[in-house]
Amino acid sequence: MNIGKYLDWQFRPTTWLTLIVAMVCLACAFVLPDSFGDKNSPIENVQMLVVAFGLYVTCSAKDRKCLYVFASLCLFFILAREVNYGRTLIIFADPENANKYPKWKDMEYGWLAHACVGLYMVWLVVYFIWRKVWKEAWDVLRTIRIPASDLLLAVLGMAVGVAFESLHNCLSEELGEVVLYVGGVGILYLYSRNKLKPVE
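Residues numbered from 1 in each chain as written. Predicted model: local features only at pLDDT ≥ 70, side-chain atom pairs only at ≥ 80, totals over all residues. Heavy atoms only, no water.

Visitor: I would appreciate a short explanation of the packing of helix H3 (residues 65-82) against helix H8 (residues 170-192) in the present structure.
Guide: When two helices pack together, their arrangement is given by the angle between their axes and by how far apart the axes lie. Where H3 contacts H8, the axes come no closer than 13 Å and their chain directions differ by 165°. Comparing their axes, H8 and H3 come out roughly antiparallel. For the pair H3 and H8, the crossing hand works out as left-handed. Residues Tyr 68, Ala 71, Leu 75, Ile 78 and Glu 82 of H3 form the contact with H8, whose participating residues are Glu 174, Glu 177, Tyr 181, Leu 188, Tyr 191 and Ser 192. For the contact of H3 with H8, the residue count by class is seven nonpolar, one polar and three charged. (Axes fitted to C-alpha atoms, helices over the stretch in contact; angles between N-to-C directions. Helix = DSSP H or I, 4+ residues; strand = E, 2+ residues; numbered from the N terminus. Parallel < 35°, antiparallel > 145°, perpendicular 65-115°, else oblique. Left-handed = near helix turned anticlockwise from the far one by under 90°. Contact = heavy atoms within 4.5 Å. Nonpolar A, V, L, I, M, F, W, Y, C, P; charged D, E, K, R; others polar.)

Below you can see the structure in the form of structure tokens.
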């Protein structure tokens, strides 16, 4: 099988945007104070704006409705995760550690959070199977070329985020996530707006 025919390395406006964001984030990693990597920081708020724009992209898609509804549900889950399912919005952090919040088990109704998240994830699986989202996703992968340059930048952003999370470097982790989200939303835009070439 010729894998090359499924890949499109063309640089598009979304690719350049992700690349510029990656370069800005790289510079920011050297000049911004570590506090910019805290919960509810400007960087995390930028992430949420990017994901919110991704929600607009998927919700306004004209075709493959089931696929993009599923993508919207996933993006909403990411938004909820970014605010710790609301915990970072309604509960004050430890004054000595901006990233430390009470554990759900220590909160009176904390058990509800785990139950709601679990139900939401079950609903994602049910919707994926019930609406045969996998068929639409496979059809897209089979017939439309993958924006490889955008995907590579998004994967690099994810790799940076995971690597620095293990090193407890919150600033670089959050900056890596910005690149991941910008690249990911760019890919969703290209697919949903039919900006990619078909497989030949």
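That was the structure; now back to the text.
Visitor: What is the right way to read unusual backbone geometry from this model?
Guide: One can expect most non-glycine residues to show negative phi and most peptide bonds to be in trans. In this structure, Arg 64 takes a positive phi of about 45° despite not being glycine. Look at Arg 64 and you get partly exposed, because its relative accessible area is 21%. Although it is not a glycine, Asn 194 sits at a positive phi angle of roughly 55°. Tracing the backbone through its elements, the reader meets Asn 194 in the segment after H8. (Buried < 20%, exposed > 50% of the residue type's maximum accessible area, 1.4 Å probe, protein only.)

Visitor: Can you walk me through the pattern of salt bridges in this structure?
Guide: Oppositely charged side chains can pair when the atoms bearing their charge come close. With the rule as written, the count across this model stands at four salt bridges. Linking Arg 64 and Asp 63 is a salt bridge whose minimum nitrogen-to-oxygen distance equals 4.0 Å. The partner of Asp 139 in a salt bridge is Arg 142, with the nearest N and O atoms 2.8 Å apart. With Asp 139 and Arg 142 both in helix H6 (residues 133-143) and three residues apart, the pair spans about one turn of that helix. Each member of the salt-bridge network shares a partner with another, and the members are Asp 63, Arg 64, Asp 139 and Arg 142. (Salt bridge = Lys/Arg side-chain N within 4 Å of Asp/Glu carboxyl O.)

Visitor: Help me understand a nonpolar patch on the surface in this model?
Guide: A surface patch of nonpolar side chains, about 400 Å² in accessible area, is lined by Phe 11, Trp 16, Ile 20 and Val 24. Checked against the element boundaries, Trp 16 lands in helix H1 (residues 13-31). Judged by relative accessible area, which is 45%, Trp 16 ranks as partly exposed. (Patch = residues over 30% accessible without salt bridge, like charges linked within 9 Å, V, L, I, M, F, W, Y side chains within 5 Å. Areas by Shrake-Rupley, 256 points an atom, 1.4 Å probe, with all protein chains shown as cover.)

Visitor: Looking at this structure, how should I read the side chain of Glu 174?
Guide: Tracing the backbone through its elements, the reader meets Glu 174 in helix H8. Beyond its immediate chain neighbours, meaning those up to four positions away, Glu 174 contacts Gly 37, Ile 43, Glu 44, Gln 47 and Glu 82.

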